[in-house]
Amino acid sequence: MNPDLYEAALAWISGLFREDATGHDVHHTLRVYRTAMRLAEEEDADRELTGLAAMLHDADDPKLFGTGEGLPNARSFMAEHGIPAETAELVCTIIGEVSFSKNGSRRPSTLEGKVVQDADRLDAIGAVGIARTFAFGGSRGQAIHDPAAETGTSVAHFHEKLLKLWDLMNTDGAKRIAEGRHRFMEEFLDEFMREWDGSE
Ligand code: ADP
Ligand code: NI
């Protein structure tokens, strides 16, 4: 990605996510960007599309901004920075295909979408993924764990989503990284359950 555009995107997303305490802060976006660029190299995906889509992938997340449909934040950033309309359209298609909640296990139609989706999912698992999950749960007033509840707690979210992501990675590079992170989450949950009732 061209350095001026990268700097502009960094400054813009830093402002956008300044107040975030849900695990969708600027550091999340930067990790997704770096991971996506590495995967793009391995897969020979288009670097400009991958970089823009990664940097802008959460800029219209309906959970965070209530913008959603039509991706107005991402579009206005690209328009202001002279991104050609066709490129902006492609970036919006890629971003629209990245989300787990919207797309479930449907695969993105583009290679760049696959790469950015993998990078976003890799940041949802492993040690950082664990931290983000409890931060998100806390921000929504959700309990850490409730043995009687199969849904609605942060621990339940591991079973509903996070432990499934390993198997849903699109690229070989992401699968390799996901393996260790998946195992780490399983170990974390085992230890969590050993400690949970205070009888140890
Ligand atoms: P996507 O955009 O792929 O649908 P989300 O933005 O919903 O993914 O989730 C991003 C991260 O936010 C998750 O990996 C998790 O850490 C956290 N998160 C989302 N929903 C929940 C939830 N119900 N409980 C705990 N954490 C959640
Ligand atoms: Ni994200």
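Scroll up a little and you will see the structure.
Everything quoted here is computed from the prediction, not taken from an experiment.

Asker: Which parts of the structure should I look at to understand the pattern of salt bridges?
Answerer: In the structure shown here, the tally under the stated rule is nine salt bridges. Residue lysine 63 pairs with aspartate 61 through a salt bridge whose shortest N-O separation is 2.9 Å. Classification of aspartate 61 as buried rests on a relative accessible area of 10%. Residue aspartate 123 pairs with arginine 132 through a salt bridge whose shortest N-O separation is 3.6 Å. Like aspartate 123, the residue arginine 132 is buried in the burial classification. Members of the salt-bridge network, linked through shared partners, are Arg31, Asp123 and Arg132.

Asker: Would you mind going over the coordination of the nickel ion (ligand 2) with me for this structure?
Answerer: By definition of the ideal shapes, a tetrahedral metal site with four donors has angles of 109.5 degrees and an octahedral site with six donors has angles of 90 or 180 degrees. Those donors, His28 (NE2), His57 (NE2), Asp58 (OD) and Asp120 (OD), are the protein atoms that reach the nickel ion (ligand 2), and they lie 2.1 to 2.3 Å from it. Coordination at the nickel ion (ligand 2) is irregular: its four donor atoms span angles of 86 to 173° at the metal. The motif formed by the donor residues of the nickel ion (ligand 2), counted along the single chain, is H-x28-H-D-x61-D. The class of aspartate 58 is buried, set by a relative accessible area of 6%.

Asker: Could you clarify how one ought to interpret the environment of aspartate 20 in this entry?
Answerer: Considering the arrangement of structural elements, one finds aspartate 20 in the loop between helix H1 (3–16) and helix H2 (26–43). For the pair aspartate 20 and leucine 64, spaced 44 residues apart in sequence, the C-alpha separation works out to 8.5 Å. Here aspartate 20 is in contact with Asp25 and Leu64, once residues within four sequence places are set aside. Polar side-chain contacts of aspartate 20 include one of 2.8 Å to the backbone nitrogen of histidine 24.

Asker: Where do I start with the side chain of aspartate 118 in this structure?
Answerer: Considering the arrangement of structural elements, one finds aspartate 118 in helix H8 (residues 111–122). Buried charge without a partner: aspartate 118 forms no salt bridge, and the closest opposite charge is arginine 121, 5.1 Å away. Within the structure, aspartate 118 has its side chain in polar contact with the backbone nitrogen of asparagine 170 (distance 2.8 Å). When near neighbours in sequence (up to four residues on either side) are disregarded, aspartate 118 contacts Leu39, Met169, Asn170, Thr171 and Ala174.

Asker: What should I look at first to understand the packing of aromatic side chains in this one?
Answerer: All chains considered together, the criterion is met by eight aromatic pairs. On the numbers, 5.7 Å between centres and 45° between planes, the contact of phenylalanine 17 with phenylalanine 65 is tilted. Taken together, the residues phenylalanine 17 in the loop between H1 and H2 and phenylalanine 65 in helix H4 (residues 62–65) connect sequence positions 48 residues apart. Look at phenylalanine 65 and you get partly exposed, because its relative accessible area is 27%. Taken together, the aromatic side chains of Phe134, Phe158, Phe188, Phe192 and Trp196 make up a single cluster linked through ring pairs.

Asker: Would you take a moment to explain the nonpolar core for this structure?
Answerer: The nonpolar side chains of a soluble globular protein tend to be buried, and buried together. Counting residues in hydrophobic clusters, the biggest one holds 50 residues, and the most contacted among them are Met55, Met78 and Val116. Those elements that provide at least two residues to this core are H1, H2, helix H3 (47–56), helix H5 (72–80), helix H6 (85–96), H8, helix H10 (154–168) and helix H11 (172–196). Ranked by the residues each element gives to this core, the list is headed by H2, at eight residues. Among residues more than four places away in sequence, those in contact with valine 116 are Val32, Ala36, Thr50, Ala53, Ala54, His57, Ile94 and Val98.

Here is what the cut-offs are and how they apply
Residues numbered from 1 in each chain as written. Chains lettered and ligands numbered in written order. Predicted model: local features only at pLDDT ≥ 70, side-chain atom pairs only at ≥ 80, totals over all residues. Heavy atoms only, no water. Salt bridge = Lys/Arg side-chain N within 4 Å of Asp/Glu carboxyl O. Buried < 20%, exposed > 50% of the residue type's maximum accessible area, 1.4 Å probe, protein only. Donors = N, O, S within 2.8 Å, 3.2 Å for Na, K, Ca; no water. Tetrahedral: all angles 85-135°; square planar, octahedral: opposite > 155°, others 65-115°. Helix = DSSP H or I, 4+ residues; strand = E, 2+ residues; numbered from the N terminus. Contact = heavy atoms within 4.5 Å. Polar contact = N/O pair within 3.5 Å; in protein donor to acceptor, adjacent residues only side chain to side chain. Lys, Arg positive; Asp, Glu negative; His and termini not counted. Phe/Tyr/Trp six-rings, centres within 6.5 Å; stacked < 30°, edge-to-face > 60°. Core = buried A, V, L, I, M, F, W, Y, C linked by side-chain atoms within 4.5 Å.

Everything listed is a geometric property; what it means functionally is a separate question.
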